[in-house]
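The primary structure of each chain is shown beneath.
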Amino acid sequence: MWRALAPVTMLMLSLVSAGAQDGAFIAGGRSNSATVVAGPDLSRSDAAAARDLARYLEEITGHEVPVATSAEGIAGLRIHVGSSPYVEQQGLGSTGLFRDGYIIKLIDAENLVIVGGENLGTGFGVYDFLGRVCGVRWYMPGPLGEVVPRREQIVLDGLDIRSEPSVPSAWVRPIDIDNLKAKHFRRYHWAGHNMHRLIPPEQYGEEHPEYYPLVNGERRVPLGARFPWQPCVSNPELPVLVVGLAQEHFAQNPHSEVFSLGVNDGGGDCLCDECMALDRVRDGRRDMSDRYARFYNECADELGAAFPGKLLGFHAYGGAFHPPTRERLRENIYVRLTGGADMLQRVEEWSQAARQIGVYEYLYGRQILEPRHYPHVLGEYVKTLVDRYQIRSFSAEMSPFWPLDGPKTYVLLELLWDADQDVDALLDDYFGGLYAEAAEPMAQFFQRIEDVYRRRSDPLNFMDGFRRGGFGEWEMADLQQMDARIAEATAAAQDEDLKARVRMVADAYSHVRCWIAIHVLAGELAEMRMRDRTDAEKTVEVAREISRQLAEKAQWDARVLDVSLYPSQEYYDFYVARHYAEPGTLVQTIPQAENAIEAAFERVSAQVDGADGFWRTVAEAVAAEERIADMIATQRYLLAHDMNDPLSVLEDDFEAREGEQAALDAGVADQFRWEQRENLPEGYGVWSYTGRPANFVWTDRLARSGERCIGIERNEVQASILRTFDVKPGERYRVQVFATRLWERDDAGDVRPHLMVAWQGEGGWTTDPRITVAASAEESGAWEELTARVAVPSGASRMVVTLGIEGSQLGGGGTYFDDLRVSRLDPEAAQ
């Protein structure tokens, strides 16, 4: 197991202001000037690091630090960077060091050595010296993220460090900080999606269609990569083919450790009898791990004899998500697990099936608007992976939203090099170094975010809520506490750089605070009881506050990307343009909030005595608030019609009607192309995940009303039944449908029927937020009403009503929908 090793000797390092001395560096009890010695044989990156070393030392001490190519004739302290005859004479060459490890050692009063392993070690050592010994920090990209202390002298006495990584292979991208400073890109164990490169359809498709997946009884050769696909791994020729490529790779790249046989992204697995013979149903899903384990073991046997010590990469993804049950993977197979739910349980299960394991996580920042600060969760996770499972690699898609993700990113990168470090000490370093006199309130501000994050049922499922918001754990009290801490930090900041750093966080928080408040208030509306007029008045007040927050959010959406509102173009480039998510495209805030308001208003109309008079009174008070005024006008209209909405666009109970079945072939569709099936009512289209067919039905198996309903049976990934309607911007609709699911005892899975409303314009799908309402699916066969109330956004000309499921159902059950109703809500429709 690779670990960061403790220094060979007890080390006491300090940065001091020692008064009037001739030199800048105290070494061996003497004060010296210094020269960086960078030999001519250094790599380009190591030579650049040596020049950086001199530059930073000059900035820290105010003393000139030249760079020389030889130590000969140089007086004072010589800082030897990289291997050289002198370094070799001291027995400090790279032999025995991990390729990215390094040694920092004071030999005597005149010689300091920084030397690393064969790859990045020397550069890592240079920047660790600047950080550990000189106090330089790179907390974030750009000028505000760099901290360079001013010191008259630097004490080096007793300096003796040997450092090697706790996790030998790491890949955390994109970070936007130089790799030698942050150590975020040292990838040696790769098992990414690669089958499409190894078995390209353009090369083999015409002569060997049998290499490609069988779907619906036909070989699908994915020419042009028009759809996701996997090879037919039961084909006996494929192990010989891919291992030949692996052998060629290792012969040409002797330092490479892993050749990836990772499955392609997106599914599309083969459904031939030979492949499916080893599959099983697990939690309602097709588990294909055993077919892939057999294939990988055959490849590993082929490779092992020719290249002992080399590894084949297995990406535990898609159909190969779970560990195999029939056989253990060979010793020369490296498995990379993708992040998700129950992560430590999955690592434990895989550790029983494979010897060499890595993880691939999704720690998204700028793609998720919710503040997600969880350094202690990450710390516990990384330490467990290293100490208990001796993982070989840690990879992560991160792209930090630096104003709010900076602290956890700093902690993660530090722990991936040295997992023994204390998380609280790292956070103290971060907040103290970056925020100085504002450190305490800033630390408390971020701690509140982690307190909220820890309320999650599965904190290690870092991807939960990706592109959907995920604000469920927040309370208004959290926002109030964070408001106070930001105010304290703003008041404490005196230095201009410090003011800019605090403002960067305050601006980011003020933007996302709107989103959080809207979700919290919408949740409060959903829970409100309608007993009397007082409850109705409170409902309206909360609705008005949601409307105010929506208006403020819209202002921030426009403001955050306006360069004129920031201190400088440089500030904007580093901390705004690349970090803020595009406004409005990632979460369903607006339609969810409006749905919650209209649902609550409908309860007022139905349950509060004298509702019409109440709405008439309220309408006068909110006349200037267009969103709320329109919704109240709708309620008054519905009450005038005894809540029976005559503005129906569609009422469909799916009973048999003469002449409405379309006799169209149901061929295999390209991705996102809809088909009309002959076994569905006319006007309904279908979509299923390409390469993973679903069975769509118009059935008399069960019905909520009448004798028939529509449904989806035997689905493998995702499937939907769709209906479109022509609409105009500004119109409002209510979409209602009843949904249920039948399942067998061992096949419940995690499928939830859902109603989704999305939008299309002249150019296809629009980026306007869509709304999804999912059923609870708590009882098999129980019908549940799903209702979505929506306003047509500008640019939309078609509303797409989607009745679907996400997840597998492979047993004898199915998901069913009945009594679909689409109605206009805006009173203008009655005129």
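Since the model is a prediction, treat every value here as computed from it, not as a measurement.

The rules behind the values
Residues numbered from 1 in each chain as written. Predicted model: local features only at pLDDT ≥ 70, side-chain atom pairs only at ≥ 80, totals over all residues. Heavy atoms only, no water. Axes fitted to C-alpha atoms, helices over the stretch in contact; angles between N-to-C directions. Helix = DSSP H or I, 4+ residues; strand = E, 2+ residues; numbered from the N terminus. Parallel < 35°, antiparallel > 145°, perpendicular 65-115°, else oblique. Left-handed = near helix turned anticlockwise from the far one by under 90°. Contact = heavy atoms within 4.5 Å. Core = buried A, V, L, I, M, F, W, Y, C linked by side-chain atoms within 4.5 Å. Buried < 20%, exposed > 50% of the residue type's maximum accessible area, 1.4 Å probe, protein only. Pairing = 2+ DSSP bridges. Phe/Tyr/Trp six-rings, centres within 6.5 Å; stacked < 30°, edge-to-face > 60°. Lys NZ or Arg CZ within 6 Å of the ring centre and 35° of its normal.

### As for the packing of helix H15 (residues 476-492) against helix H16 (residues 496-527)
In the contact formed by H15 and H16, the axes pass within 10 Å of each other and the chain directions differ by 165°. The angle between the axes of H15 and H16 places the two elements in the roughly antiparallel class. As H15 packs across H16, the resulting crossing turns out to be left-handed. Taken together, the residues of H16 that come into contact with H15 (itself represented by Met476, Leu479, Met482, Asp483, Ile486, Ala489 and Thr490) are Val502, Val505, Ala506, Tyr509, Arg513, Ile516, Ala517, Val520 and Glu524.

### What to know about the nonpolar core
In terms of nonpolar packing, the biggest core is built from 166 residues, with Leu53, Leu57, Phe129, Leu130, Leu156, Phe394 and Tyr435 touching the most fellow members. Here this core gets 14 residues from one element, more than from any other, and that element is H16. The residues contacting leucine 57, other than those within four sequence positions of it, are Phe25, Gly62, His63, Val65, Ile79, Phe129, Leu130, Cys134 and Ile154. Listed in part, the 37 residues of the second largest apolar core include Val737, Ala739, Leu755 and Leu786.

### Concerning the side chain of arginine 501
Structurally, arginine 501 can be placed in helix H16. Apart from the residues lying within four places of it in its own chain, the contact partners of arginine 501 are Pro143, Leu144, Glu146, Val147, Leu434 and Tyr435.

### So, the pairing of strand E25 (residues 685-688)
Side-chain direction in a regular strand flips from residue to residue, so the side chains alternate between the two faces of the sheet. Of the two faces of E25, both are covered, the one formed by Gly685 and Trp687 as well as the one formed by Val686 and Ser688. Of the strand pairs in this sheet, E25 and strand E28 (residues 718-726) are connected by four bridges, and their pairing is antiparallel. By the bridge assignment, serine 688 is partnered in E28 with alanine 719.

### What to know about the packing of aromatic side chains
What characterises a pair of aromatic rings is the spacing of the ring centres plus the angle enclosed by the ring planes. The tally for this structure, following the rule as stated, stands at 35 aromatic pairs. Relative to phenylalanine 462, the ring of tyrosine 374 lies with its centre 4.9 Å away and its plane at 25°, an arrangement referred to as stacked. Note that tyrosine 374 is positioned in the loop between strand E22 (356-362) and helix H11 (375-387) and phenylalanine 462 in the loop between helix H14 (439-453) and H15, a separation of 88 residues in sequence. Accessibility expressed as a relative area gives 2% for phenylalanine 462, which makes it buried. Where tyrosine 381 meets phenylalanine 462, the ring centres are 5.8 Å apart and the plane angle is 55°; that geometry is what we call tilted. In this pair, tyrosine 381 is assigned in helix H11 and phenylalanine 462 in the loop between H14 and H15, connecting sequence segments 81 residues apart. Members of the aromatic cluster, each reached through a chain of ring pairs, are Tyr139, Tyr410, Tyr430, Phe431, Tyr435, Phe445, Phe446 and Tyr509. Directly above the ring of tyrosine 188 sits arginine 99, whose terminal nitrogen or CZ lies 4.5 Å from the centroid. Sitting over the ring of phenylalanine 321, arginine 346 keeps its end group 3.7 Å from the ring centre.

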